[in-house]
Amino acid sequence: MSSNEREEERRARRIAKNLKKQRILWIVLAVIILIIAVMKISEIDFASIKDKFTDENGNFSISELFSDNNKFPVKLDASDDIIFNSIGSKLAVLNDLSFTVIDTSKEKIKYRDIHGYTNPIMKTDGDYAVIYDQGSHKYRLDNSSKNIYEDKTNNPILCADTSSSGVVALATTSDSAKSEIIVYNKSLKEKKKYSVTNGYVTSIAIDDSANRIAFSVVNSENAKLNTIVYTMSMNDEKPRASFSYEASTVYDLHFSSSNLYVVGSDFISVITALKNETKIFSQGTINTVSFCYNQSNELVVAFSEYAGSNVDSIAYITANAKIKTKIDTNYLIKDITATKSKISILTSDFVITYNTSKGAEINKVEVDDSYTSVVQISSNVFAKRQALVEKLNR
């Protein structure tokens, strides 16, 4: 065989080898593309797609293809760690990514802002929301359309509250005491500072006029946890009164005018004039399940007679320490919301609305167990399900 023939044979083998490599490469790429396609297809929730293109009777419909994105349901950017409340006449939704305000009349997102907090907590009053990173140093004040300011504290934040005028009360840890109370007006001017020496503040409240504050402090006495609620006027140098609740947890403090609601794990009290306590339910007589305040800052609480009960009751408690309405339900209540004239509860199967005058049931909407929160604004009930906010009685 001549040298030219040998060279041609080697060239032919190299070409064949390269073609074989290319075929293998294309096969590998095709397999990878197929795997990716299968993975993507497996992520599709075909049941939800079916639901989107069928109506309530199960008939095929393409109306969802042409739905207005501004209408309910409104999609959130995250579904975890939701705090769901009202801010003025709008919905305020805080999750682990952002703060969102939904204009319910126009059925669209009015304002959304990324907060960047690790453990965000929100308290609202009137048209204001204070959002703080519990255990860290950042907090912010927002209204229904914008962020007013963001600031940092010197020490980690324990809890906070806002008045309807945007005055913020903060409780932080302290370098010289156990805790510290600091009150700022809307321009971040300090209005009050008070050191708490006998424990850590677990909840705080400020009234709408920003003239009164209250806070609960947890300490240990005789190897037992004890919670003490203190009340103060803004001009007081020390607390005006204190109220002790041994072996009970204070869930929340909230002013209605000059009167203070104390919502405990197993009791409800109202403190008037910062010093006189009326026990609506004494310690150990109830098991608090859920609670809310209506637009008049009056308390509506869901409770059971004992832990482990299979039915819950509702009490509408006025600021003058009277039970206006008591409703015995046949349900376990997951969440409760109220206006002046209506109370709505969320159960595993229904959202049920009662009137507040006689406690009569006036509406019932079927839901499933994926619904976790409800807020009532005027005659409408809004519910949170996963990453969706839905209007239930449209």
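Just above sits the structure.
Report on the accompanying structure. (Residues numbered from 1 in each chain as written. Predicted model: local features only at pLDDT ≥ 70, side-chain atom pairs only at ≥ 80, totals over all residues. Heavy atoms only, no water.)

## Concerning the environment of S145
Phase 1: Counting through the fold element by element, S145 comes out in the loop between β8 (138–143) and β9 (147–152).
Phase 2: According to the relative accessible area criterion, S145 is partly exposed, its value standing at 38%.
Phase 3: In sequence terms S145 and Y111 are 34 residues apart; their C-alpha atoms lie 5.6 Å from each other.
Phase 4: In contact with S145, not counting residues within four places along its chain, are K110 and Y111. (Helix = DSSP H or I, 4+ residues; strand = E, 2+ residues; numbered from the N terminus. Buried < 20%, exposed > 50% of the residue type's maximum accessible area, 1.4 Å probe, protein only. Contact = heavy atoms within 4.5 Å.)

## What to know about the sheet that holds strand β22 (residues 287–293)
Phase 1: Reading across from one edge, β22-β23-β24-β25 is the order of the 4 strands in this open sheet, with antiparallel pairing throughout. Taken across any chain shown, the strands that pair with only one partner, and hence form the sheet edges, are β22 and β25 (323–328). Neighbour to neighbour, the strand axes of the sheet diverge by 20° on average, direction disregarded. (Pairing = 2+ DSSP bridges. Axes fitted to C-alpha atoms, helices over the stretch in contact; angles between N-to-C directions.)

## Focus: the pattern of salt bridges
Phase 1: Tallying each qualifying case throughout the model produces 12 salt bridges.
Phase 2: Note that R140 is salt-bridged to D142, the shortest N-O span being 2.8 Å. The exposure classification of R140 matches that of D142, with both residues buried.
Phase 3: In this structure, D236 engages R240 in a salt bridge whose closest nitrogen and oxygen atoms are separated by 3.1 Å.
Phase 4: Given a relative accessible area of 17%, D236 falls into the buried group.
Phase 5: When salt bridges with common partners are traced through the structure, they connect D113, R140 and D142 into a single cluster. (Salt bridge = Lys/Arg side-chain N within 4 Å of Asp/Glu carboxyl O.)

## Side note on the sheet that holds strand β30 (residues 371–377)
Phase 1: In spatial order, the strands read β1-β32-β31-β30; together these 4 strands make up an open sheet with antiparallel pairing. Taken across any chain shown, the strands that pair with only one partner, and hence form the sheet edges, are β1 (74–75) and β30.
Phase 2: Judged from the 4 bridges that link them, strand β31 (residues 380–385) and strand β32 (residues 388–391) form a sheet pairing that is antiparallel. In the sheet register, A383 faces β32, and the bridge partner there is E390.

Interpretation in functional terms is not warranted from these geometric data alone.
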